[in-house]
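A structural walkthrough
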Amino acid sequence: MNEPLVIVGTGLAGYTLAREFRKLDETTPLILISADDGEFYSKPVLSTGFGKGKDADALVTASAERMAGQLGAQVLVRREVTRLEPQARRIWLGDQALDYRDLVLALGAQPLAAPVGGEAGDAIFAVNDLDDYRRLQQAIRGPSRILIMGAGLIGCEFANDLASAGHRVEVVSPSRHLMPGLLPEEVAGAVQGALEGLGVRFHFGAVLEYLQRQGDGLQARLSDGRSLACDLVLSAVGLRPRTGLAQAARLAVARGIVVDRWLRASQPNIHALGDCAEVDGHSLLYVMPLMSAARALARTLAGEPTAVSYGVMPVTVKTPACSLIVAPPASGAAGQWQVEGSGTDRRALYLDGEGRLLGYALAGQATQERQALSRQLPPLMAD
Ligand SMILES: Cc1cc2nc3c(=O)[nH]c(=O)nc-3n(C[C@H](O)[C@H](O)[C@H](O)COP(=O)(O)OP(=O)(O)OC[C@H]3O[C@@H](n4cnc5c(N)ncnc54)[C@H](O)[C@@H]3O)c2cc1C
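Below is a summary of the structure that appears in this document. Residue positions are given per chain, counted from 1 along the sequence in the order it is written. At least 70 in pLDDT is required for a residue's local features to be given in this predicted model, at least 80 for side-chain atom pairs to be given and counted, and no such filter applies to totals for whole chains, interfaces and linings, which use all residues. Note that water and hydrogens are dropped before the side-chain values are worked out from all heavy atoms of the structure.

1. With respect to the overall build of the chain
Test applied: Strands are runs of DSSP state E lasting at least 2 residues, helices are runs of H or I lasting at least 4, and numbering of each runs from the N terminus. The classification of residues rests on relative accessible area computed with a 1.4 Å probe and restricted to protein chains. Under 20% of the type maximum is buried, over 50% is exposed, and intermediate values are partly exposed. In what follows, a contact means two residues having at least one pair of non-hydrogen atoms within 4.5 Å. Values of accessible area rely on a 1.4 Å probe in the Shrake-Rupley scheme; residue burial ignores everything except the protein chains shown. Charge counting follows a simple rule: Lys and Arg are positive, Asp and Glu are negative, and His as well as the terminal groups are ignored. A charged residue contributes its charge at one atom only: NZ of Lys, CZ of Arg, CG of Asp or CD of Glu.
Scanning the chain for helices and strands turns up eight helices and 25 strands. Taken over the C-alpha atoms alone, the chain extends approximately 65 × 60 × 35 Å along its principal axes. Looking at the 383 residues of the chain, the share that counts as buried comes to 49%. Sequence separation of 24 or more characterises 62% of the internal contacts of the chain that already satisfy a separation of 6 or more. About 17300 Å² of surface is accessible on the chain, with carbon and sulfur atoms providing 48% of the total. In the chain, the 37 positive side-chain charges and the 41 negative ones have mean positions that sit 1 Å from each other.

Shown next as structure tokens:
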């Protein structure tokens with residue numbers, strides 16, 4: 001029998017690759033493996049579902065069985081790949097071995113956990129997949145006081161969503177302003193003002209140190225000595241590419257699993273894409289890069305070696321209180337922010353010494369300039 005193409009992961013990366021591959025090759029046996037239920041859903045909707053009153057099942061577009069049928073694939077769910085054996089072209093699911101022709105790692109990223117003292121650690125949630133979303137939804141009964149750890153993109157999206165669902169939201173972050181890696185201070189201030197308009201309160205320059213039960217609720221102690229009352233905590237302090245399996249098999253790993261522009265890992269017949277992969281030095285935890293990677297890798301796996309190239313990839317931040325689009329400059333790009341506008345309408349350009357545009361952040365009305373500015377940006381990774 002022909003050996004299969006094996007894809008580990010049924011997130012957007014795994015399923016998109018499988019779809020693209022099937023457009024080019026209808027016969028090679030295809031096996032997808034997932035530690036979760038293998039349902040198809042778009043992860044970005046996890047931070048907009050509460051405001052719309054959607055439960056986890058309402059976010060699912062197709063069951064694993066339906067995906068298997070559509071893809072002419074076997075989808076193994078609630079199965080965890082525990083070991084890779086690159087020399088033998090074999091993986092292990094516990095004590096069950098599976099041989100492959102080619103292996104693709106689409107393992108995603110996992111939420112970081114910040115250390116918090118106290119006995120109420122079970123009241124700290126993170127939302128990175130449907131199971132997490134379901135758990136948080138079950139924990140929230142009626143209007144609640146929710147403390148969010150982290151004021152990055154995901155923390156701010158949840159703050160907006162949970163506040164618009166009627167909850168009282170407080171955000172604690174060690175940074176000086178929200179989305180510090182993405183936005184200059186003035187634009188962050190505009191977004192903050194809009195979220196405060198929904199009732200969200202921010203506590204910067206502090207972290208949650210200690211969480212304990214008090215009566216029916218919780219008492220949160222911050223590093224600056226303040227005390228806040230809440231009913232549960234949502235942790236959104238960052239994500240880390242899942243690299244453990246690859247590292248244990250001696251594949252090259254940096255921030256993510258190291259792959260070249262052909263999405264090839266450091267051992268033969270193994271590829272990686274999506275949040276777990278670091279593609280030619282780029283570790284980008286967004287949908288657009290993984291779509292480009294899936295199209296290129298599908299061709300390669302169907303016999304036509306194809307390198308991925310990234311164009312301009314602006315990110316739409318889902319904070320409806322203040323519309324926001326960011327095209328972050330490549331990491332390490334030397335330049336400075338130049339900010340114009342007032343209120344929530346802000347236009348921030350990241351310019352190098354010669355005045356060339358390397359990135360932008362647009363809020364409110366200024367988001368209309370997205371296309372004109374994108375045309376001036378250099379591609380993230382040229383052909
Ligand atoms: C709340 C939230 C909002 C977001 N909003 C946006 C947005 O608006 N725009 C945007 O571009 N990006 C957004 N992102 C990022 C985007 O969702 C991710 O970049 C993308 O979904 C990653 O897909 P993936 O397939 O690489 O990983 P994942 O979706 O994490 O999938 C990983 C898969 O691997 C499986 N797996 C892991 N380990 C094993 C194992 N050992 N054995 C078997 N299976 C395993 C998991 O079960 C899962 O099926 C958001 C992310 C979050 C968390």
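2. Considering the pattern of salt bridges
Threshold: Salt bridge, as used here: a side-chain nitrogen of Lys or Arg that lies within 4 Å of a carboxyl oxygen of Asp or Glu.
Under the definition given, this model contains 22 salt bridges. Across the pair Glu3 and Arg89 runs a salt bridge, and its minimum N-O distance is 3.3 Å. Remark: Arg89 occurs in the loop between β4 (83-85) and β5 (90-93) and Glu3 occurs in the segment before β1 (5-8); sequence separation between them is 86 residues. Exposure remark for Glu3: the relative accessible area of 34% places this residue in the partly exposed category. The shortest N-O distance in the salt bridge between Glu20 and Lys23 comes to 3.1 Å. Separated by three residues within a single helix, Glu20 and Lys23 lie in helix α1 (residues 12-24), roughly one turn from each other. Residue classification places Glu20 among the buried positions, given a relative accessible area of 17%. Lys23 gets classed as exposed once you look at its relative accessible area, which sits at 60%. Among the charged side chains, a salt-bridge network with shared partners connects Asp37, Asp57, Arg78, Asp131 and Arg134.

3. Some points on the environment of Pro268
Turning to its location among the elements, Pro268 is positioned in the loop between β18 (257-259) and β19 (270-272). Residue classification places Pro268 among the exposed positions, given a relative accessible area of 57%. Separated by 182 residues in the primary sequence, Pro268 and Pro86 have C-alpha atoms spaced 7.5 Å apart.

4. Some words on the packing of α1 against helix α7 (residues 287-301)
Our working rule: Axes here mean lines fitted to C-alpha atoms, for a helix over just the part in contact, with angles spanning 0 to 180 degrees between N-to-C directions. When the near helix sits turned anticlockwise from the far one by under a right angle, the crossing is termed left-handed; a clockwise turn instead gives a right-handed crossing. Under the scheme applied here, ten amino acids are nonpolar (Ala, Val, Leu, Ile, Met, Phe, Trp, Tyr, Cys and Pro), four are charged (Asp, Glu, Lys and Arg), and all others, including Gly, are polar.
At a closest axis distance of 8 Å, the pairing of α1 and α7 adopts a crossing angle of 35°. Remark: the crossing between α1 and α7 carries right-handed chirality. Residues Leu12, Ala13, Thr16, Leu17, Glu20, Phe21 and Leu24 of α1 form the contact with α7, whose participating residues are Val287, Leu290, Met291, Ala294, Arg295, Leu297, Ala298, Arg299 and Leu301. Its residues assigned to classes, the contact of α1 with α7 shows twelve nonpolar, one polar and three charged.

5. Some remarks on the layout of surface pockets
Inclusion rule: Method remark: on a 1 Å grid restricted to protein atoms, a set of points is classed as a cavity if a 1.4 Å probe fits but cannot get out and as a pocket if it is open with protein on both sides within 12 Å along at least five of seven lines; lining residues have an atom within 4 Å of a point. Grid points are joined across faces, edges and corners, and a volume is the space filled by probe spheres set on the points.
The space that makes up the second largest pocket amounts to roughly 250 Å³. Taken together, 13 residues form the lining of the second largest pocket, with Ala123, Ala139, Asp216, Asp231 and Leu232 sitting closest to its centre.

6. Quick word on the site of the ligand
So the rule is basically this: Any residue with at least one heavy atom within 4 Å of a molecule or strand is counted as near it. By the criterion applied in these results, polar contacts are pairs of N or O atoms within 3.5 Å in which, for protein atoms, one can donate a hydrogen and the other can accept it, and in which residues neighboring in sequence qualify only through two side-chain atoms.
Around the ligand, the surrounding shell holds 32 residues, and the nearest of these are Ala13, Lys43, Asp275, Val287 and Lys318. At 3.2 Å from an oxygen atom of the ligand is found a main-chain nitrogen or oxygen belonging to Leu12. A distance of 3.3 Å separates an oxygen atom of the ligand from a polar backbone atom of Ala106. Notes on the ligand: free accessible area 1000 Å², of which the protein chains cover 91%. Contributions of two or more residues to the shell around the ligand are made by α1, α4 (153-164) and α7. If one sorts the elements of the shell around the ligand by residue count, α4 sits on top with three residues.

7. Observations concerning the sheet that holds β1
Put simply, the rule reads: Two strands are said to pair when DSSP picks up at least two bridges between them.
A sheet is described by the order of its strands in space; here five strands give the open sequence β3-β2-β1-β7-β19, paired in parallel fashion. Taken across any chain shown, the strands that pair with only one partner, and hence form the sheet edges, are β3 (74-76) and β19. Strand-to-strand twist of the sheet, defined as the mean angle between neighbouring strand axes without regard to direction, takes the value 20°. Where α1 meets the sheet, it contacts β1, β2 (30-33), β3 and β7 (102-105), and its direction lies at approximately 170° from that of β2.

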